[in-house]
Amino acid sequence: MMRSLFLTSRPLSWVNTAFPFAAAYFMTTREIDATLIVGTLFFLVPYNFAMYGINDVFDYQSDLRNPRKGGVEGALLEPRWHRLVLWLSGILALPFVVYLVVVGDPASWAALAVSLFAVVAYSAAGLRFKERPVLDSLTSSTHFVSPAVYGLLLAGADFTPALYALLAAFFLWGAASHAFGAVQDVVADREGGIGSIATVIGARRTVRLSVVLYLLAGILLLATDWPGPLGAVLALPYAINVAGWWRVTDETAPDANRGWRRFLWLNFATGFGVTMLLIAYAFVAPAAP
């Protein structure tokens, strides 16, 4: 059971939500305080457990037909654990959310509410945003960008045009990543009766859309404060990785899993690059008043 619960939280993806919050909050306050620690821990484990746990419960029929489930890319969660996972999703998150609400203000509450709603709405029955083409990729990107927006609001950041460009680039990166991730599951999703941007517009068009979105994200980074424009280079490996499936068909879409596995490890290299840029930015930019 413990292995299934651990895999359900997608440990390789924990950093993708915790890092945006921590970086946004710390780069604004330049302080390590209790709120930074609590928020980072929340977006590291409970947030991911809820996001992916709810997904694994309501995607069970599709996951049965998906050969990549049952490992680091997601648990094949047996029905007997479904109720437990849904309860734990709320129980683990609750104390963190209470604390974050107490230390926040209406603006940060709104951002946190949007983030939590996106976590539930993406997979839960009755909402199932993941089955609404385009909205699925937008909601998935919200999962990763909203922790950063929340961190900025919680820390009282000044939203400048450069910061908006940075957040927009991050959002396009998230949408591109989700779209490409959906390509590998076209066959399993169709057999399980699950829709996605890839099942609707096809694997090939989804791959090409993903490449364009990655490149647009890189272009937007050119409008950020120095040394942010250097980050534009970090978008290129993602575009190149996805472009390898430029001529993919719906029948060969499962082969795109090789690219998705590279994507998972590419995130760590990119995270290192982003960290170096943030350190450089800390030296050239004054702290927020």
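Residues numbered from 1 in each chain as written. Predicted model: local features only at pLDDT ≥ 70, side-chain atom pairs only at ≥ 80, totals over all residues. Heavy atoms only, no water.

1. Comments concerning the overall build of the chain
Turning to step 1, where the next piece is worked out: Of regular secondary structure, the chain possesses 14 helices and zero strands.
Turning to step 2, where the next piece is worked out: In the chain, the succession of α and β elements from N to C terminus is α-α-α-α-α-α-α-α-α-α-α-α-α-α.
Turning to step 3, where the next piece is worked out: Considering the chain as a whole, with its 289 residues, one finds that 51% of them fall into the buried category.
Turning to step 4, where the next piece is worked out: Here the analysis covers contacts within the chain between residues at least 6 apart in sequence; of these, 76% occur between residues at least 24 apart. (Helix = DSSP H or I, 4+ residues; strand = E, 2+ residues; numbered from the N terminus. Buried < 20%, exposed > 50% of the residue type's maximum accessible area, 1.4 Å probe, protein only. Contact = heavy atoms within 4.5 Å.)

2. What about the pattern of salt bridges?
Turning to step 1, where the next piece is worked out: What the rule picks out here adds up to two salt bridges.
Turning to step 2, where the next piece is worked out: With a shortest N-O distance of 2.9 Å, Glu 131 and Arg 128 are connected by a salt bridge.
Turning to step 3, where the next piece is worked out: What makes Arg 128 buried here is its relative accessible area of 12%.
Turning to step 4, where the next piece is worked out: In this structure, the salt-bridge partner of Asp 250 is Arg 190, at a minimum N-O distance of 2.8 Å. A residue pair is termed long-range when its members are at least 10 positions apart, and Asp 250 in the loop between helix H13 (232-243) and helix H14 (257-284) and Arg 190 in helix H10 (residues 186-191) qualify at 60 residues. (Salt bridge = Lys/Arg side-chain N within 4 Å of Asp/Glu carboxyl O.)

3. Here we look at helix H6 (residues 82-103)
Turning to step 1, where the next piece is worked out: If you check H6, its first and last C-alpha atoms are 33 Å apart, about what 22 residues at 1.5 Å a residue would give, namely 32 Å.
Turning to step 2, where the next piece is worked out: At Leu 94, H6 shows its maximal kink, close to 40°; a proline, Pro 95, follows between one and four residues later.
Turning to step 3, where the next piece is worked out: Buried within H6 are the following residues: His 82, Val 85, Ser 89, Ala 93, Val 97 and Leu 100. (Expected span 1.5 Å × (residues − 1). Bend = angle between axes of the 7 residues up to and from the residue.)

4. Description of the packing of aromatic side chains
Turning to step 1, where the next piece is worked out: One pass over the full model with this rule turns up 18 aromatic pairs.
Turning to step 2, where the next piece is worked out: Ring geometry for Phe 117 versus Phe 129: centroids 5.9 Å apart, planes at 75°, classification edge-to-face. Placement of the pair is Phe 117 in helix H7 (residues 106-121) and Phe 129 in the loop between H7 and helix H8 (135-155), with a sequence separation of twelve residues.
Turning to step 3, where the next piece is worked out: Residue Phe 129 is classed as buried on the basis of its relative accessible area of 17%.
Turning to step 4, where the next piece is worked out: Members of the aromatic cluster, connected to one another through ring pairs, are Phe 21, Tyr 25, Phe 42, Phe 43, Tyr 47, Phe 96 and Tyr 150. (Phe/Tyr/Trp six-rings, centres within 6.5 Å; stacked < 30°, edge-to-face > 60°.)

5. Looking at the nonpolar core
Turning to step 1, where the next piece is worked out: Phe 180, Val 183, Val 207, Tyr 214 and Phe 263 are the most contacted members of the largest nonpolar core, which has 26 residues in total.
Turning to step 2, where the next piece is worked out: When residues of this core are traced back to their parent elements, those giving at least two are helix H9 (161-183), helix H11 (197-201), helix H12 (203-221), H13 and H14.
Turning to step 3, where the next piece is worked out: The biggest single contributor to this core is H9, with seven residues.
Turning to step 4, where the next piece is worked out: If you look at the next biggest cluster of nonpolar residues, it comprises 21 residues, including Phe 21, Tyr 52, Ala 93 and Phe 144. (Core = buried A, V, L, I, M, F, W, Y, C linked by side-chain atoms within 4.5 Å.)

6. Some thoughts on the layout of surface pockets
Turning to step 1, where the next piece is worked out: In this model, the second largest pocket occupies a volume close to 240 Å³.
Turning to step 2, where the next piece is worked out: Residue lining of the second largest pocket: 14 residues in total, with Ala 50, Ile 54, Ser 89, Gly 90 and Val 120 positioned closest to the centre.
Turning to step 3, where the next piece is worked out: Those elements that place two or more of their residues in the lining of the second largest pocket are helix H4 (46-58), H6 and H7.
Turning to step 4, where the next piece is worked out: Here the lining of the second largest pocket takes five residues from H4, the largest share from any one element.
Turning to step 5, where the next piece is worked out: Split into classes, the residues belonging to the lining of the second largest pocket amount to twelve nonpolar, two polar and no charged. (1 Å grid on protein atoms, 1.4 Å probe; cavity = no way out; pocket = protein on both sides within 12 Å on 5 of 7 lines; lining within 4 Å. Points joined across faces, edges and corners; volume = space filled by probe spheres on them. Nonpolar A, V, L, I, M, F, W, Y, C, P; charged D, E, K, R; others polar.)

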